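# Summary of the model geometry
Take a look at the letters that make up each chain.
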Amino acid sequence: MADNPKKKGRDRELVSEQEHEVAYLMKAAKVSRQRALEAIREAGPNRDKVMEYLGKK
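Description of the structure in this document. (Residues numbered from 1 in each chain as written. Predicted model: local features only at pLDDT ≥ 70, side-chain atom pairs only at ≥ 80, totals over all residues. Heavy atoms only, no water.)

## With respect to the overall build of the protein
- Within the protein, the regular secondary structure consists of 3 helices and 0 strands.
- Counting helices and strands in the order they occur from the N terminus, the protein gives α-α-α.
- Residues counted as buried form 28% of the 57 residues belonging to the protein.
- Expressed as a percentage of contacts within the protein between residues at least 6 apart in sequence, the contacts between residues at least 24 apart total 31%.
- Of the roughly 4300 Å² that the protein leaves accessible, carbon and sulfur atoms contribute 47%. (Helix = DSSP H or I, 4+ residues; strand = E, 2+ residues; numbered from the N terminus. Buried < 20%, exposed > 50% of the residue type's maximum accessible area, 1.4 Å probe, protein only. Contact = heavy atoms within 4.5 Å. Areas by Shrake-Rupley, 256 points an atom, 1.4 Å probe, with all protein chains shown as cover.)

## Side note on the pattern of salt bridges
- For the structure shown, the criterion picks out 3 salt bridges.
- For the salt bridge of Glu17 with Arg41, the shortest nitrogen-to-oxygen distance reads 3.2 Å. With Glu17 in the segment before α1 (19–29) and Arg41 in helix α2 (residues 33–43), this residue pair connects regions lying 24 residues apart in the sequence.
- A salt bridge links Glu19 to Arg33, with the shortest nitrogen-to-oxygen separation between them at 2.8 Å. Pair noted here: Glu19 is in helix α1 and Arg33 is in helix α2, with a separation of 14 residues, a long-range link.
- On the accessibility criterion, Glu19 (46% relative accessible area) is partly exposed.
- What makes Arg33 partly exposed here is its relative accessible area of 38%. (Salt bridge = Lys/Arg side-chain N within 4 Å of Asp/Glu carboxyl O.)

Okay, structure coming up:
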(Lines give C-alpha, C1' and ligand atoms only; values in the text may rest on other atoms or scores of the structure.)
Protein backbone atom coordinates (compact mmCIF):
# COMPACT_ATOMS: atom_id res chain seq x y z
CA MET A 1 0.00 0.00 0.00
CA ALA A 2 1.11 3.53 -0.59
CA ASP A 3 2.58 5.61 2.18
CA ASN A 4 -0.31 7.99 1.63
CA PRO A 5 -3.61 6.07 1.98
CA LYS A 6 -5.40 8.69 -0.13
CA LYS A 7 -3.10 8.02 -3.07
CA LYS A 8 -4.77 6.03 -5.82
CA GLY A 9 -3.20 3.89 -8.46
CA ARG A 10 -1.53 0.51 -8.65
CA ASP A 11 -0.81 0.41 -4.93
CA ARG A 12 -4.56 0.12 -4.35
CA GLU A 13 -4.41 -3.27 -6.06
CA LEU A 14 -1.83 -4.59 -3.60
CA VAL A 15 -2.02 -5.66 0.01
CA SER A 16 0.79 -6.19 2.50
CA GLU A 17 1.11 -7.45 6.04
CA GLN A 18 1.07 -3.94 7.49
CA GLU A 19 -1.25 -3.69 10.47
CA HIS A 20 -3.76 -1.28 8.91
CA GLU A 21 -4.08 -3.44 5.81
CA VAL A 22 -4.58 -6.62 7.84
CA ALA A 23 -7.21 -4.79 9.91
CA TYR A 24 -8.99 -3.74 6.70
CA LEU A 25 -9.02 -7.33 5.42
CA MET A 26 -10.31 -8.60 8.74
CA LYS A 27 -13.20 -6.15 8.61
CA ALA A 28 -13.97 -6.44 4.89
CA ALA A 29 -13.86 -10.24 4.78
CA LYS A 30 -15.02 -10.82 8.36
CA VAL A 31 -12.10 -13.12 9.16
CA SER A 32 -9.60 -13.45 11.99
CA ARG A 33 -6.19 -11.79 11.91
CA GLN A 34 -4.54 -15.18 11.47
CA ARG A 35 -6.78 -16.04 8.50
CA ALA A 36 -6.12 -12.64 6.88
CA LEU A 37 -2.35 -13.10 7.20
CA GLU A 38 -2.60 -16.64 5.85
CA ALA A 39 -4.52 -15.37 2.83
CA ILE A 40 -1.89 -12.72 2.08
CA ARG A 41 0.92 -15.26 2.35
CA GLU A 42 -0.84 -17.91 0.26
CA ALA A 43 -2.49 -15.77 -2.42
CA GLY A 44 0.26 -13.17 -2.77
CA PRO A 45 0.04 -9.39 -2.67
CA ASN A 46 -2.82 -8.95 -5.16
CA ARG A 47 -5.90 -7.71 -3.27
CA ASP A 48 -8.37 -9.42 -5.65
CA LYS A 49 -6.61 -12.78 -5.28
CA VAL A 50 -6.54 -12.43 -1.49
CA MET A 51 -10.28 -11.76 -1.41
CA GLU A 52 -10.86 -14.66 -3.80
CA TYR A 53 -8.76 -16.91 -1.53
CA LEU A 54 -10.97 -15.87 1.37
CA GLY A 55 -14.04 -16.73 -0.71
CA LYS A 56 -15.32 -13.15 -0.74
CA LYS A 57 -15.40 -12.47 -4.45
